[in-house]
Amino acid sequence: MTHFLKIVLRDVSFRMLMWIIGISALTLVVPPAFEGLYGDPAERELLKETLSNPAMVAIVGPVPEGTYTIAVMFVHEMIVFMAIVHGLFGIMIANAVSRKMEDNGLLEYVSSAGFTRGSIFRAQLLIGFIMNIVLGAVIFAGLGLMNIESFDAAGNLLYALGTALFGILFYTFTLVLAQLLPSSDWSFGTALAILLLLYVGRAVTDVINTDYSVAFPYHWLTRMEPFGTDNYVWLLPFAVILLFIWLAWVLFRKRDLDDAYITPDFKGRARKIGSYPRLQLSGMKMLITSWLLGMLLIGLSYGAIFGDLDTFIGDNELLAQAMESDSGTDPILQFISTLMMVTVIVGVIPALMVSARILREEKSGRLEVLASAGISRVHMLITHGVLGTITGAFGLMLSVLGMYAASIGVEGIGLSPGDYMMTALNYAAAVILFTGLSMLATGISRKLSTLIWLYFIYAFFVNYLGLIIGLDDEWRMVTPFYYLAEMPAEEIDWMAWLIVTLIGAALGAAGALLFGRRDIG
């Protein structure tokens, strides 16, 4: 097991380190910021009242009872969001050390070299536990070193344990999918879709009836209430991890390598690929389909709470009057714009993944083969950029159509299908800009792609927190969302839309030209 563990760590250790540093920094930068922005208890109580509306409950979860300290505020507003990040961390690394290595032929090679199935599986499992335990320990220590009054050791430990177990949960679940499904694309796409679907399910049930939310792991985290009641009992549902470990081992032990228990047959009659775009669409159909389905369901779930939003604002006249006097905009439209912003930021992810997929082709050495067949590298990168943009924009369209369909019977909203589609068009400019940045980074160097993801995480972070606690606009000025209209509460700003779109297109074109000239491999 030790030798195989070294082989695996050589491949994924840098990615694990970057994830641990990134997640830790994202977590630990928030409490001091909250302390500086909301040091006054009266301001925190006012914020707590604002966050009790259905739109914000859908995003961050139910408002905890009791005093809204800095620590309680941190957990309430961050734990669901950070759970998505921890889950994605687990999914990506588990997929890399299991099905992706199998697709690349590494597992067959080490098996022929005398490594047993047991040693391979134990090494895969050990990596998942080590990386999440290290991450949890860093977060626990970091929270303790901040010396902020309401952060105590019990709450620090519970938060670190809960998020670490959430990461392990999706790590082991992905190991199960790696045995069931025929490729790393299928296992990653399915795990990612389920991560998002569980978030959507929690969002709906938290608004409608929290008793139903018990079925969703995100809710287990919010019910722990670190720094409040410190309810360690809600760690017990994570015992399902043991079931996933047993199931993954049994399935792995009994199947042949490069085989799967579920092999969807979409072949039908034989087709000639014929072009590079078709080749890429064929290879990414599961990734694209899972994201489009996820975007549609996010839209449906948010649209389903519009009725509760109308009722909440109708029952809180002072809040409605305050919001309307501050901005002159219908408070319902303001909350819908808040939900839309979160949806858009999530919708950028598939655009980045599809546009950067060419890096995988480069690493595998397939680009040289394709280039020898007469396909230019400029054409290849433009293909990925266009596919990424279409995937992101189409995902936004599905999400807004889902919002409209789910809220069609709600009175008092006053938005037509055209308004929703115009909102999707407005935010498609952000998708184009992020895709263009991804293409530029790819054109300069394969290693720069990490910087684009860091920039995206920053944009997600400042816009997510900006919506919730009102960060200064200076934080958002380096993101496209600052310049685009906050639709549907505002009218579209065509000049800003055009500038952001043209900048994104220009960056993409520059990236394609640079990619055609740089060394690959």
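Here the structure is a predicted model, which is why all the values come from computation and not from measurement.

**Considering the overall build of the protein chain**
Within the protein chain, the regular secondary structure consists of 22 helices and zero strands. Against the compact-globule benchmark of 24 Å for 521 residues, the protein chain has a radius of gyration of 23 Å, which places it among compact chains. By principal-axis analysis of the C-alpha atoms, the protein chain measures approximately 70 × 50 × 40 Å. Counting all 521 residues of the protein chain, 55% fall into the buried class. A sequence separation of at least 24 residues applies to 80% of the contacts in the protein chain between residues at least 6 apart. When the accessible area of the protein chain is evaluated, it comes to approximately 22000 Å², of which 64% is carbon and sulfur surface. Of note, the protein chain has its 30 positive side-chain charges centred 23 Å away from the centre of its 42 negative side-chain charges.

**Quick look at the packing of aromatic side chains**
Under the defined criterion, the tally for this structure stands at 21 aromatic pairs. On the basis of an interplanar angle of 40° and a centroid distance of 5.2 Å, the ring pair of F166 and F170 is categorised as tilted. Of this pair, F166 and F170 both sit in helix α9 (residues 153-180), four residues apart, which is roughly one turn of that helix. On the basis of relative accessibility, which here comes to 3%, the residue F170 falls in the buried class. Aromatic rings pair up to connect F81, F434, W453, Y455, F456, F460 and F481 into one cluster. Sitting above the plane of the F252 ring, R117 keeps its charged end 5.0 Å from the centroid. Directly above the aromatic system of F515 lies the positively charged group of R377, at a separation of 6.0 Å from the ring centroid.

**Description of a negative patch on the surface**
On the surface, a cluster of negative charge is made up of E108, D256, D258 and D259. Along the chain, the position of D259 falls in the loop between α12 (240-254) and α13 (276-304). Given a relative accessible area of 36%, D259 falls into the partly exposed group.

**Focus on empty space enclosed by the protein**
One pass over the full model with this rule turns up two cavities of 30 Å³ or more. Considered as a void within the structure, the largest cavity measures approximately 50 Å³ in volume. Looking at the largest cavity, the residues that line it are L352, A356, L359, S438, A441, T442, S449, I452 and W453. At the level of secondary structure, the elements contributing two or more residues to the lining of the largest cavity comprise α20 (417-444) and α21 (449-469). Here the lining of the largest cavity is composed, by residue class, of six nonpolar, three polar and no charged. Volume-wise, the second largest cavity comes out at about 30 Å³. Of all the secondary-structure elements, those providing two or more residues to the lining of the second largest cavity are α16 (331-355) and α20. Broken down by element, the residue count for the lining of the second largest cavity peaks at three residues, all from α20. Broken down by class, the residue content of the lining of the second largest cavity amounts to six nonpolar, one polar and one charged.

**Some words on a nonpolar patch on the surface**
A cluster of nonpolar side chains, namely F14, L17, M18 and I21, defines an oily patch on the protein surface of about 390 Å² accessible area. Position of F14 relative to the elements: it lies in helix α1 (residues 2-28). We classify F14 as exposed; its relative accessible area is 55%.

**Points about the pattern of salt bridges**
Think of it this way: side chains of opposite charge can pair up when their charged atoms draw near. On inspection of all chains with the given rule, the structure shows seven salt bridges. Taken together, the salt bridges that share partners define one network made up of R99, E102, D103 and R255.

**Observations regarding the domain arrangement of the protein chain**
Many authors give the size of an interface as the accessible area that is lost as the parts come together. Assigned domains of the protein chain: these are domain 1 (1-261) and domain 2 (275-521). Here domain 1 and domain 2 have C-alpha centroids that lie 24 Å from each other. Domain 1 puts 38 residues into the contact, and the matching count from domain 2 is 31 residues. Each partner contributes to the roughly 3200 Å² buried at the junction of domain 1 and domain 2, and carbon and sulfur atoms together form 79% of this total. Joining domain 1 to domain 2, the criterion identifies one salt bridge. Applying the counting rule to domain 1 against domain 2 returns one residue pair in polar contact (both at pLDDT 80 or more). Only α1, α2 (30-37), α3 (41-50), α4 (54-60), α5 (70-97) and α10 (184-208) provide two or more residues apiece to the side of domain 1 that touches domain 2.

**Examining the packing of α5 against α10**
The contact between α5 and α10 brings their axes to 10 Å, and the two run at 165°. In terms of orientation, α5 lies roughly antiparallel with respect to α10. Classified by chirality, the crossing of α10 by α5 is right-handed. Contacts between α5 and α10 involve V80, I84, G87, L88, I91, M92 and N95 from the former and S184, S187, F188, A191, L192, L195, Y199 and R202 from the latter.

**Points about the packing of α10 against α13**
Relative to each other, α10 and α13 sit at 0°, their axes nearing to 9 Å. Taken together, the axis directions place α10 and α13 in an arrangement best described as roughly parallel. Partitioning the contact of α10 with α13 into residue classes produces 16 nonpolar, five polar and one charged.

Rules and cut-offs
- Residues numbered from 1 in each chain as written.
- Predicted model: local features only at pLDDT ≥ 70, side-chain atom pairs only at ≥ 80, totals over all residues.
- Heavy atoms only, no water.
- Helix = DSSP H or I, 4+ residues; strand = E, 2+ residues; numbered from the N terminus.
- Rg over C-alpha atoms; globule rule 2.2 N^0.38 Å.
- Buried < 20%, exposed > 50% of the residue type's maximum accessible area, 1.4 Å probe, protein only.
- Contact = heavy atoms within 4.5 Å.
- Areas by Shrake-Rupley, 256 points an atom, 1.4 Å probe, with all protein chains shown as cover.
- Lys, Arg positive; Asp, Glu negative; His and termini not counted.
- Charge placed at Lys NZ, Arg CZ, Asp CG, Glu CD.
- Phe/Tyr/Trp six-rings, centres within 6.5 Å; stacked < 30°, edge-to-face > 60°.
- Lys NZ or Arg CZ within 6 Å of the ring centre and 35° of its normal.
- Patch = residues over 30% accessible without salt bridge, like charges linked within 9 Å, V, L, I, M, F, W, Y side chains within 5 Å.
- Salt bridge = Lys/Arg side-chain N within 4 Å of Asp/Glu carboxyl O.
- 1 Å grid on protein atoms, 1.4 Å probe; cavity = no way out; pocket = protein on both sides within 12 Å on 5 of 7 lines; lining within 4 Å.
- Points joined across faces, edges and corners; volume = space filled by probe spheres on them.
- Nonpolar A, V, L, I, M, F, W, Y, C, P; charged D, E, K, R; others polar.
- Domains from an automatic or database assignment.
- Buried area = accessible area lost by both parts, 1.4 Å probe.
- Polar contact = N/O pair within 3.5 Å; in protein donor to acceptor, adjacent residues only side chain to side chain.
- Axes fitted to C-alpha atoms, helices over the stretch in contact; angles between N-to-C directions.
- Parallel < 35°, antiparallel > 145°, perpendicular 65-115°, else oblique.
- Left-handed = near helix turned anticlockwise from the far one by under 90°.

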